[in-house]
Amino acid sequence: MAVKSGSAPCLALKGLCKTFGGLSAIQQLSLNVLPGDRKGIIGPNGAGKTTLFNLITGLLPPSSGRIELFGKEVSRWASHRRAGLGMARTFQITNLFPKLTVLDNVLLAVQGLRSLKLSMWRFQSSYSALQEKAQDLLERTGYWERRHMEVRHLSHGDQRQIEIVMALGSDPKLLLLDEPVAGLSVAESKQVGAFLNRLDPGLTILMIEHDMDVAFSVVNTIAVLHAGTLVEEGTCDQIRKSERVRELYLGSG
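Please read these numbers as outputs of a predicted model, since none were measured by experiment.

Reading the values: the criteria
- Residues numbered from 1 in each chain as written.
- Predicted model: local features only at pLDDT ≥ 70, side-chain atom pairs only at ≥ 80, totals over all residues.
- Heavy atoms only, no water.
- Helix = DSSP H or I, 4+ residues; strand = E, 2+ residues; numbered from the N terminus.
- Expected span 1.5 Å × (residues − 1).
- Buried < 20%, exposed > 50% of the residue type's maximum accessible area, 1.4 Å probe, protein only.
- Contact = heavy atoms within 4.5 Å.
- Pairing = 2+ DSSP bridges.
- Axes fitted to C-alpha atoms, helices over the stretch in contact; angles between N-to-C directions.
- Phe/Tyr/Trp six-rings, centres within 6.5 Å; stacked < 30°, edge-to-face > 60°.
- Lys NZ or Arg CZ within 6 Å of the ring centre and 35° of its normal.
- Patch = residues over 30% accessible without salt bridge, like charges linked within 9 Å, V, L, I, M, F, W, Y side chains within 5 Å.
- Areas by Shrake-Rupley, 256 points an atom, 1.4 Å probe, with all protein chains shown as cover.
- Salt bridge = Lys/Arg side-chain N within 4 Å of Asp/Glu carboxyl O.
- Core = buried A, V, L, I, M, F, W, Y, C linked by side-chain atoms within 4.5 Å.

Caption draft 1: Spatial organisation of helix H5 (residues 156-168). Compared with an ideal rise of 1.5 Å per residue, which puts 13 residues at 18 Å, H5 spans 19 Å between its outermost C-alpha atoms and is within 8% of the ideal. The element H5 is extensively covered by neighbouring structure, given that 12 of its 13 residues are classed as buried. Buried residues of H5: Gly157, Asp158, Gln159, Arg160, Gln161, Ile162, Glu163, Ile164, Val165, Met166, Ala167 and Leu168, and no others. Summarising the contacts, the buried residues of H5 are in contact with strand E6 (87-89), helix H3 (102-111), helix H4 (128-140), strand E7 (174-178) and helix H6 (186-197).

Set out below in structure tokens:
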């Protein structure tokens, strides 16, 4: 999706820092994510990528700096308040209920940000809006025919995709993906990449990924982290051609 010139960022990081004792994990990092962006974050292990996601989502407090989400400063907000503004996240390790069906997993996700999650005196099946939302998500992503299958019987690649479907259950405007193809085979990685490319082009995505083939196939801009510092940012083509990035991360050959 083309981003309109002058669009206000849906996520703005300003001079963000995070220290653990004497270790600086994130150093003076500033980054904007505009509506409709598909932005990747790359860098070696220890570059600070997951720490950055934990700061953005509220799992860690920043040591200094500012985080703005949809125009509001959320630097000290709890995770659930940030999610309520329209942000969702997946993790490196799949977070599913393995003995529940695909449909039940998605229903729980759809219910998560709605007030009726606190209602204990009615069966979930009595809420038609939940059922319709879950069915719509599963139909659009090609999993409706397998809705009654327990997720433990799905392939690892399918489980990854169901986790993304669950993240979509809250109707996010910004989706953070933390290594969505981690641990997958080449074939499964391509499958997940194709799945991501079928998502609504209006959905803004910020993605950490080590698999460069998948990253370049999904995102349109890339931010490169090294030792907690943003060292380069540009289009996929610019990052491919960057000698600095080649030396640091992609090899010199």
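Caption draft 2: Geometry of the sheet that holds strand E2 (residues 23-33). Taken together, the four strands give an open sheet; going across it, the order is E2-E1-E4-E5, and neighbouring strands pair in antiparallel fashion. Edge strands, defined here as strands with exactly one partner in the open sheet, are E2 and strand E5 (72-73). Pairing of strand E1 (residues 11-20) with E2, which is carried by seven bridges, proceeds in the antiparallel orientation. Across the sheet, residue Leu16 finds its bridge partner in E2, namely Leu29. Across the sheet, helix H1 (residues 49-57) touches E1, E2 and strand E4 (64-69), and the angle it forms with E1 is around 115 degrees.

Caption draft 3: Representation of the packing of aromatic side chains. For the structure shown, the criterion picks out zero aromatic pairs. The ring of Trp77 carries the charged tip of Arg81 above its face, separated from the ring centre by 3.8 Å. Taking the ring centre of Phe216 as reference, the NZ or CZ of Arg240 above it sits at 4.3 Å.

Caption draft 4: Structural context of a nonpolar patch on the surface. On the surface, a cluster of nonpolar side chains totalling about 250 Å² of accessible area is made up of Phe97, Leu100 and Leu108. As for its placement among the helices and strands, Leu100 is situated in the loop between E6 and H3.

Caption draft 5: Quick peek at the sheet that holds strand E10 (residues 229-235). Here we have six strands laid out as an open sheet, ordered E6-E7-E8-E3-E9-E10, and mixed in their pairing. In the strand order of this sheet, the two ends are held by E6 and E10, each with one partner. Shown here is a sheet whose adjacent strand axes are inclined to one another by a mean of 15 degrees, direction ignored. Across five bridges, the pairing between E7 and strand E8 (residues 204-208) is parallel. When the sheet's bridge partners are listed, Leu177 is paired in E8 with Met207.

Caption draft 6: Examining the nonpolar core more closely. Leu175, Leu196 and Leu199 are the most contacted members of the largest nonpolar core, which has 46 residues in total. If we skip the residues at most four places from it in the chain, Leu175 touches Ala88, Arg89, Ile164, Ala167, Leu168, Leu199, Leu203, Thr204, Ile205 and Leu206. Core analysis: the next-biggest nonpolar cluster, separate from the first, contains 25 residues, Leu11, Leu31, Val33 and Ile56 among them.

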